[in-house]
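Okay, here's what each chain looks like letter by letter:
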Amino acid sequence: MHFEKLIGTFILGLSLINPHSNAHATEAPRIITLAPHMTEMVYDLGLDGQLVARDDASNYPEEAKSLPSVGTGFNPNKELLLLYQPDILLHFTSKIQFIELFPNKHIEAIESNPNSVETLLDDWRRILTLTQQDEQKRAAAEETITAAETKWQSLVEDYKSKEPKKVFFLIS
């Protein structure tokens, strides 16, 4: 346990004195996801090249499993967060205070806890705007979002006039 604290302190010290720890405006932001839906979103938006780490539960798509894990979304390993030096943290809970972890660096901590498909698509657009600097890639990802939105609206319209089905779930 003492060794882990020593390593954590060493990593913290390096991250605070490293003159290259801040991303330059021309570099793509480094992303860490702390929720499975955020990891999938990063891949869906074509931002997987910017993803440097993930949470323990992010196991899809399959390629995500090869990335280093920083712990759970509720209790990420702070030393690992410092080690991977993200520019953007994508998470689902506001219970964790990320700002005090990085006092000398501006980190965007973006919360996504969608309660509808519309909110999820809004989150996709917000994250795309903050992370994708290549205009062609941004336009292609925006087309993907628009296609998903159109498909969703079509499904809603198709089922609007149909009688809801009753379903019984038995969990034992």
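In short, a report on the structure. Note that the structure is a prediction, hence the values are computed from the model and not measured.

**Observations concerning the side chain of S112**
Right, on to step 1. Its place among the elements puts S112 in the loop between strand 4 (108-111) and helix 4 (117-131).
Right, on to step 2. Owing to a relative accessible area of 0%, S112 belongs among the buried residues under this scheme.
Right, on to step 3. Looking at S112, its side chain comes within polar contact range of the side chain of H37, at 3.1 Å.
Right, on to step 4. Those residues within four positions of S112 in sequence are excluded, and the remaining contacts are H37, M38, M41, H91, F92 and D123.

**Notes on the pattern of salt bridges**
Right, on to step 1. Inspection of every chain in the model, using the stated rule, returns six salt bridges.
Right, on to step 2. Of the charged contacts in the structure, one is a salt bridge between R126 and D123, with a shortest N-O distance of 2.9 Å. On the criterion of helical spacing, the pair formed by R126 and D123 is a turn pair, its members being three residues apart in helix 4.
Right, on to step 3. Classification of R126 by relative accessible area gives partly exposed; the value is 35%.
Right, on to step 4. Looking at D123, the relative accessible area reads 8%, which means it is buried.
Right, on to step 5. Residue E135 pairs with R138 through a salt bridge whose shortest N-O separation is 3.4 Å.

**Concerning the environment of H37**
Right, on to step 1. Among the secondary structure elements, H37 is positioned in helix 2 (residues 36-44).
Right, on to step 2. Judged by relative accessible area, H37 falls into the partly exposed class, the value being 28%.
Right, on to step 3. With 53 residues separating them in the primary sequence, H37 and L90 have C-alpha atoms 9.8 Å apart.
Right, on to step 4. In this view, H37 contacts F92, S112, P114 and L120; residues no more than four positions away in its chain are not counted.

Definitions and cut-offs
Residues numbered from 1 in each chain as written. Predicted model: local features only at pLDDT ≥ 70, side-chain atom pairs only at ≥ 80, totals over all residues. Heavy atoms only, no water. Helix = DSSP H or I, 4+ residues; strand = E, 2+ residues; numbered from the N terminus. Buried < 20%, exposed > 50% of the residue type's maximum accessible area, 1.4 Å probe, protein only. Polar contact = N/O pair within 3.5 Å; in protein donor to acceptor, adjacent residues only side chain to side chain. Contact = heavy atoms within 4.5 Å. Salt bridge = Lys/Arg side-chain N within 4 Å of Asp/Glu carboxyl O.

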